[in-house]
Amino acid sequence: LAYFHDQLHLKFGGIRKPRLGNTNLLNMARQKNWTVDASHGGGAPGHSRNLNFSDPNLRKWYSDQLLHYLTDGVDFWWNDEGETTYLTFHYWNVAEISTQNKTKGGSKKRFWSINRSFSPGMQRLGAATWTGDVDVSWKALQQQPGTALNWGLSGTNLVTCDIGGFSGGNATGLLLTRWYQYGVFMPLMRIHSTLNDKPHFPFLYGEEVADALRKALNLRYTLIPYLYSLAHHSFGQNGIPMMRPLAVRYPQDPKANDLTSEWLLGDGLLVAPVLTPDNSTEVYLPDGLWYPWNSSSSISGGVVRKLVDVPLHSIPMYASAGSIIPLGPVLQYSSEPTTEPLQVAVYPGVDGSFELVEDDGESLAYTESKTRRVNFQWSEAKYALSWKVEGVAIDSRSLFAAFVVTVYSPQKGVITKGPASIGPVGSSGQLVM
């Protein structure tokens with residue numbers, strides 16, 4: 001795995017099933033009453049070969065068996081088919097955390113896993129969830145946003161899905177493109193397929209599709225500073241989801257109550273990816289001033305926009321007035337060092353604010369408030385962006401040293417200034433646009 005880590009900058013996750021196949025080990029587990037019959041579960045195969053992770057003695061034994069995988073270079077766990085009991089996934093993760101804590105420095109490192117199901121509270125462990133083995137179909141794609149939004153409201157913030165679908169044959173280039181574009185705006189973006197179907201790699205679907213998928217992936221990378229900050233906001237603000245139904249911000253608007261074909265990413269971005277094969281969609285913009293992404297043209301809210309013949313590479317997305325969106329450069333992997341400045345997009349009309357949060361990217365130090373926070377404030381009266389650096393100094397190559405501001409003004413057009421130095425903790429500044 002050293003080549004994948006050092007040369008390709010990939011993280012490797014080992015897929016696990018919560019059951020035994022070795023006859024001797026299975027007999028031992030049964031003698032110790034460490035197994036559970038999964039025939040009553042919600043989709044877990046294996047019958048009585050499944051392990052009962054609620055037993056602390058089983059968890060200790062299992063944790064010891066996993067240790068060599070981590071020392072061999074496995075970075076995280078991919079936990080599948082654990083719908084044996086309600087708390088199987090929870091206690092399964094507890095066992096894996098115990099394994100990590102046995103490695104050098106493991107107790108100070110973030111734990112991360114991806115799981116096919118969840119129970120409330122698992123997000124505190126560092127456990128992400130995907131939405132299961134979904135079909136390769138437009139109907140399945142259309143169901144994904146509502147599932148993710150509801151899961152976020154129930155407490156599990158780190159949600160993803162099988163982009164392109166899992167069961168049911170090969171995806172078309174159009175379906176795969178629209179699924180990638182949806183995935184850009186999930187808390188986690190994850191592409192998956194079965195071994196026997198056409199893999200969901202961009203280069204297998206022709207030049208036009210590859211170009212659209214590349215644009216989607218590049219957009220995802222530029223959004224990382226915004227997304228990473230939203231994840232910190234979730235941690236520090238009572239678990240508010242990164243991916244939010246419109247009703248979270250507009251609870252008094254009855255038109256926003258049941259919408260699942262569009263949603264908010266944080267408070268600043270409203271996204272409505274195309275989810276139908278006819279390349280059309282409807283976007284409801286609540287009251288207020290809205291801007292199409294990267295545009296200085298504003299739209300008054302309270303309207304439904306009907307979009308037809310949406311180009312393959314296009315994703316309908318809007319910023320609300322007062323939004324401040326921090327953006328990074330296009331990267332090849334998320335922790336790639338860069339000397340490029342942060343790009344700060346401002347959509348004026350009302351006062352606004354946003355807190356950029358950065359940390360070392362690996363440890364649990366953020367749980368002790370060891371983060372660098374840049375508080376951006378937009379003043380409509382002054383037509384100026386101010387900032388103040390708070391928190392603690394972080395030793396990390398991933399921190400931004402400077403930023404460029406772009407204001408999308410309906411009156412003045414697109415205005416860009418900078419770069420301006422972010423400065424050390426305690427410093428502040430202002431740019432009049």
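Residues numbered from 1 in each chain as written. Predicted model: local features only at pLDDT ≥ 70, side-chain atom pairs only at ≥ 80, totals over all residues. Heavy atoms only, no water.

Chemist: Kindly report on the environment of Tyr 250, identifying the contributing residues and their values.
Modeler: Along the chain, Tyr 250 falls in the loop between helix 9 (246-249) and strand 9 (263-265). Excluding residues that lie within four positions of it along the chain, Tyr 250 makes contacts with Ala 256, Leu 264, Pro 286, Asp 287 and Trp 290. (Helix = DSSP H or I, 4+ residues; strand = E, 2+ residues; numbered from the N terminus. Contact = heavy atoms within 4.5 Å.)

Chemist: Break down the sheet that holds strand 18 (residues 352-358) for me, with residues and values.
Modeler: What the four strands build is an open sheet, ordered 18-19-20-23; its pairing is antiparallel. Where the open sheet ends on each side, the last strands, each with one partner, are strand 18 and strand 23 (428-432). This sheet shows a mean twist of 15° between the axes of neighbouring strands, independent of strand direction. Here strand 18 runs beside strand 19 (residues 372-379); their pairing, made up of seven bridges, is antiparallel. (Pairing = 2+ DSSP bridges. Axes fitted to C-alpha atoms, helices over the stretch in contact; angles between N-to-C directions.)

Chemist: An account of the nonpolar core is requested, with residue identities and associated values reported.
Modeler: Ranked by internal contacts, the top residues of the largest apolar core, which has 71 residues, are Tyr 182, Phe 185, Phe 376 and Phe 403. When sequence neighbours within four positions are dropped, the list of residues in contact with Phe 376 reads Ile 324, Leu 342, Val 344, Gly 352, Ser 353, Phe 354, Leu 356, Leu 385, Ser 386, Trp 387 and Phe 403. Within the second largest apolar cluster, 20 residues are counted, among which are Ala 29, Leu 58, Trp 92 and Ala 127. (Core = buried A, V, L, I, M, F, W, Y, C linked by side-chain atoms within 4.5 Å. Buried < 20%, exposed > 50% of the residue type's maximum accessible area, 1.4 Å probe, protein only.)

Chemist: Explain the packing of aromatic side chains to me, using residue names and the numbers behind them.
Modeler: The final tally for this structure, using the stated rule, is 20 aromatic pairs. Ring geometry for Phe 53 and Tyr 62: centres 4.9 Å apart, planes at 90°, overall edge-to-face. Overall, Phe 53 belongs to the buried group, its relative accessible area being 1%. Residue Tyr 62 is classed as buried on the basis of its relative accessible area, which comes to 4%. Between Tyr 291 and Tyr 347, the ring centres sit 5.4 Å apart and the planes meet at 55°, which makes this aromatic pair tilted. With Tyr 291 in strand 12 (residues 289-292) and Tyr 347 in strand 17 (residues 342-347), the pair connects residues that are 56 residues apart, well separated along the chain. In this structure, Tyr 291 and Tyr 347 share a single accessibility class: buried. (Phe/Tyr/Trp six-rings, centres within 6.5 Å; stacked < 30°, edge-to-face > 60°.)

Chemist: Break down the pairing of strand 11 (residues 281-285) for me, citing the residues and quoting the values.
Modeler: Judged by how many residues are buried, strand 11 sits mostly within the fold: four of five residues are covered. With five bridges joining them, strand 11 and strand 14 (residues 303-307) adopt antiparallel strand pairing. Residue Glu 282 lies in a different strand from strand 14, and its bridge partner there is Lys 306.

Chemist: Explain the pattern of salt bridges to me, using residue names and the numbers behind them.
Modeler: Inspection of the entire model under this criterion finds 18 salt bridges. Measuring nitrogen to oxygen at the nearest pair gives 3.8 Å for the salt bridge that ties Asp 360 to Arg 110. With Asp 360 in the loop between strand 18 and strand 19 and Arg 110 in the loop between helix 4 (88-101) and strand 5 (113-115), this residue pair connects regions lying 250 residues apart in the sequence. Residues Arg 372 and Glu 358 are paired through a salt bridge, measuring 2.6 Å at the closest nitrogen-oxygen approach. Of the two residues, Arg 372 is situated in strand 19 and Glu 358 in strand 18; the sequence distance between them amounts to 14 residues. Like Arg 372, the residue Glu 358 is buried in the burial classification. (Salt bridge = Lys/Arg side-chain N within 4 Å of Asp/Glu carboxyl O.)

Chemist: Account for the pairing of strand 22 (residues 413-421), naming residues and giving values.
Modeler: In terms of strand pairing, strand 21 (residues 402-409) meets strand 22 through seven bridges, oriented antiparallel. Looking across to strand 22, one finds that Ala 402 is bridged to Ser 421. Here strand 21 folds back onto strand 22, and the loop between the two strands holds three residues.

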